[in-house]
Amino acid sequence: MFYNAVYMMFSFRERQNTMRSDSKTGRGRKPVPGSLSGREKKERQRQQYLRFERKLFLVSAAVLAAALLAGGFFSLCSSSFFYTRAAAVTAGSHKITPVLYDYFYEDTYNSFCSTYGDYLSYLFDASKPLDKQLYDEDTKTTWADHFRELTLQAIRQTYALYDEANAHGFRISADTQKQIDDAVYYIGLYANYYKFDSSDDYLVSRYGKGASTDSYRTYAVVTKTADAYGEQYKSALSFTDGELEQYYADNRKLFDTVDYRCFPVSVKAGGAVDPAASRTLAQSIADESAGDEDRFCALVLENADDPDYYTEADRTIRNDFSYSNAPESLADWLFDADRRPGDTTVADNGDNGCFVAFWLSRNTHDYQMVDVRAIPVAVSDFSNGTAVRLAKKSAQQLLDSYRAGDRTEDAFAALAAQNGAADGGLKKNVYRGQLDDALDSWCYDSARRPGDTALLQGSDGFYVLYFVGPGDNCRLDTVREALQQNDYQDWYDALAAASSFRTHWFGMKFAASQPIKTGSSAASSSAS
């Protein structure tokens with residue numbers, strides 16, 4: 001049919017050309033001297049037909065080849081071919097295919113969403129296309145553009161670290177390798193649970209075309225190697241106590257926290273907040289309660305629109321607020337070096353009136369943390385009395401077993417390991433407030449001595465505890481971590497900046513620009 005159509009087209013065109021030629025040569029007119037004989041005319045027509053047949057064959061072959069190529073190309077585009085073979089990005093000597101890019105993209109997106117949690121809806125609508133929502137109105141950058149840049153940044157930094165790790169002969173530990181193997185194993189479990197035919201099909205539902213366990217394992221090895229090497233480099237950075245103390249002295253606002261009370265004052269007139277009246281009332285509360293915390297709390301109840309709200313709980317208390325978390329209008333006053341307990345002030349609260357604040361204390365966190373070992377016995381539902389009794393009985397049996405033996409730290413660590421606690425249940429440098437109240441009070445009791453044991457109830461079950469002893473200084477440890485992070489970030493940024501990196505327009509056509517909203521996020525979380 002294709003050949004016939006082309007034949008008809010060319011036959012029509014050839015007849016037109018012949019008619020034009022005949023009209024010029026005088027076909028149908030009376031013969032003139034020197035004109036062609038009948039035999040010669042037939043020979044010319046035969047030659048013309050042969051030339052036409054050759055043209056027809058060549059054009060038909062060309063059109064057919066073009067059609068086959070176009071069909072094959074579009075067929076490849078609709079398959080996973082380019083997703084697993086094209087280069088979306090080149091990082092150093094590494095070709096990052098669209099499917100590898102998609103692993104980075106989906107995990108970058110999910111990490112971002114996890115970080116912002118309930119506040120995500122204030123940033124963008126996850127149910128709508130990202131390329132239809134502006135990230136920056138001034139530059140007209142969309143959220144799709146933003147996540148693309150975050151993903152490219154993650155790829156560049158990860159492969160720069162990965163290459164640096166390999167250059168120094170770094171290899172991931174057996175535990176890290178087991179994490180990767182477990183991640184791939186759990187992908188298979190989720191595939192079965194969600195009724196997919198294979199692990200690869202499940203990954204396609206999570207990451208898009210071309211995803212497979214082999215490429216996912218490659219991704220996991222690269223990212224885990226980069227993370228482990230980066231952590232090793234950072235933890236090896238060391239500083240003297242003098243350097244730590246000096247950095248703290250120069251940057252106290254970064255490390256100290258404060259306790260204070262705060263009450264928002266809004267006096268309304270005609271349905272709107274009256275700024276002058278609000279400030280007058282706030283100032284009167286501040287003046288009258290200065291140096292008297294009880295009087296401050298009483299004045300709050302007297303002036304609150306809803307006193308019951310403030311009697312149900314201690315609504316005005318603010319514990320361990322950092323400089324960055326405090327209201328901007330109050331932060332400098334709260335962290336002033338001359339601040340004393342009982343000081344009061346009034347600060348602006350925008351369109352909502354004023355704050356009146358009562359200062360309580362400054363926390364320098366200059367204390368020794370503690371090292372403990374713990375064997376947890378979980379309780380999934382504290383309303384189930386039988387489950388609670390059985391869990392407590394199991395915990396008591398563990399404690400009795402330990403006390404009946406050598407009563408050494410090694411013996412407790414062995415018992416913890418036998419009952420599934422990693423690293424023998426060791427928790428190093430536990431800071432104040434890190435554990436549930438009952439556990440925290442026991443650990444920081446002034447009477448606590450190395451070797452002490454106890455059975456205590458927490459919010460998620462029972463704990464058999466062994467007190468190892470004091471740990472590092474909390475403040476210096478926090479400062480050390482900050483300096484390590486600062487130096488690590490400088491090294492990390494320089495490493496990434498020095499690496500070669502480029503995107504490829506064709507490969508990027510197959511890379512993700514929107515998150516996939518199907519299936520479970522288990523694959524992502526299992527490898528993280």
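In case you missed it, the structure is sitting above this.
Right, let's walk through the structure included here. Here the structure is a predicted model, which is why all the values come from computation and not from measurement.

What counts, and where the lines are drawn
- Residues numbered from 1 in each chain as written.
- Predicted model: local features only at pLDDT ≥ 70, side-chain atom pairs only at ≥ 80, totals over all residues.
- Heavy atoms only, no water.
- Helix = DSSP H or I, 4+ residues; strand = E, 2+ residues; numbered from the N terminus.
- Buried < 20%, exposed > 50% of the residue type's maximum accessible area, 1.4 Å probe, protein only.
- Contact = heavy atoms within 4.5 Å.
- Areas by Shrake-Rupley, 256 points an atom, 1.4 Å probe, with all protein chains shown as cover.
- Phe/Tyr/Trp six-rings, centres within 6.5 Å; stacked < 30°, edge-to-face > 60°.
- Pairing = 2+ DSSP bridges.
- Axes fitted to C-alpha atoms, helices over the stretch in contact; angles between N-to-C directions.
- Core = buried A, V, L, I, M, F, W, Y, C linked by side-chain atoms within 4.5 Å.
- Patch = residues over 30% accessible without salt bridge, like charges linked within 9 Å, V, L, I, M, F, W, Y side chains within 5 Å.
- Salt bridge = Lys/Arg side-chain N within 4 Å of Asp/Glu carboxyl O.
- Lys, Arg positive; Asp, Glu negative; His and termini not counted.
- Charge placed at Lys NZ, Arg CZ, Asp CG, Glu CD.
- Arc of directions from axis to C-beta.

1. Quick look at the overall build of the protein chain
Looking only at helices and strands, one finds 20 helices and 15 strands in the protein chain. The buried share of the protein chain, taken over its 528 residues, is 38%. Residue pairs at least 24 apart in sequence account for 70% of intrachain contacts in the protein chain once pairs closer than 6 positions are excluded. Counting every atom, the protein chain has about 30,800 Å² of accessible surface; 51% of that belongs to carbon and sulfur.

2. A look at the packing of aromatic side chains
This model, assessed by the stated rule, comprises 50 aromatic pairs. Here the aromatic rings of Phe82 and Phe506 are separated by 5.2 Å at their centres, their planes lie at 90°, and the arrangement is edge-to-face. Within this pair, whereas Phe82 is found in helix α3 (residues 81-85), its partner Phe506 is found in helix α19 (residues 505-508), the two being separated by 424 residues in sequence. Under the relative-accessibility criterion, Phe82 is labelled buried at 12%.

3. Points about the sheet that holds strand β10 (residues 354-363)
Spatially, β8-β5-β10-β9 is the arrangement adopted by the four strands of the open sheet, whose pairing is antiparallel. Lying at the two open borders of the sheet, with one neighbouring strand each, are β8 (317-321) and β9 (344-348). Within the sheet, the average angular offset between the axes of one strand and its neighbour, ignoring direction, is 35°. Here strand β5 (residues 257-265) runs beside β10; their pairing, made up of nine bridges, is antiparallel. The partner of Pro264 across the bridge, within β10, is Phe355. This element, helix α11 (residues 275-289), spans β5, β9 and β10 of the sheet and lies at about 165° to β9. Packing against the sheet, helix α12 (residues 293-303) makes contact with β5 and β10, and its axis sits at approximately 30° to β5.

4. Some details on the nonpolar core
Formed by 35 residues in total, the largest nonpolar core has its most connected members in Tyr101, Phe124 and Tyr159. Looking at this core, the elements with two or more residues in it are β1 (89-91), α4 (98-116), α5 (143-167), α6 (174-193), α7 (199-207) and α8 (213-235). Per-element tally for this core: the top contributor is α4, with nine residues. Setting aside chain neighbours within four positions, we find Phe124 in contact with Tyr109, Phe112, Cys113, Leu130, Gln133, Trp143 and Phe147.

5. What to know about a negative patch on the surface
On the surface, Asp197, Asp200, Asp201 and Asp214 cluster together into a negatively charged patch. Its place among the elements puts Asp201 in helix α7. We classify Asp201 as partly exposed; its relative accessible area is 34%.

6. Quick look at the sheet that holds strand β13 (residues 453-458)
Judged by pairing direction, the sheet is antiparallel, and its four strands sit side by side in the order β12-β11-β14-β13 without closing on themselves. Each end of this open sheet is capped by a strand with a single partner; those strands are β12 (426-430) and β13. The average undirected angle you get between the axes of adjacent strands in this sheet is 40°. The sheet contact formed by strand β11 (residues 368-378) and strand β14 (residues 461-473) spans 10 bridges and is antiparallel. Bridge pairing links Ile375 to Val464 in β14. Docked against the sheet, helix α15 (residues 385-403) engages β11, β13 and β14, running at close to 165° with respect to β13. The strands touched by helix α16 (residues 409-418) are β11 and β14; relative to β11, the strand with the most contacts, the crossing angle is about 40°.

7. Describing the pattern of salt bridges
Throughout the structure, instances matching the rule amount to 20 salt bridges. Here Arg475 ties to Glu245 by a salt bridge, and the two come within 3.4 Å at their closest N and O atoms. One end of the pair, Arg475, is in helix α18 (residues 474-498); the other, Glu245, is in helix α9 (residues 241-250), and 230 residues separate them in sequence. Taking relative accessible area as the criterion, Arg475 reaches 12% and is therefore assigned buried. A relative accessible area of 33% means that Glu245 is categorised as partly exposed.

8. Thoughts on α16
Looking at α16, one finds that the buried residues are Phe412, Ala413, Leu415 and Ala416. The buried residues of α16 occupy an angular sector of 160° when the element is viewed end-on, so they sit on one face. Exposed side of α16, more than 90 degrees from the buried face: Asp410 and Gln418 are the residues found there. On its buried side, α16 packs onto β11, α15 and β14. Of the residues flanking the end of α16, it is Gly420, one or two places downstream, whose phi is positive at about 85°.

9. Observations concerning a nonpolar patch on the surface
Together, Tyr116, Tyr119, Tyr122 and Leu123 make up an exposed nonpolar region whose accessible area comes to about 510 Å². Secondary-structure assignment places Tyr116 in helix α4.

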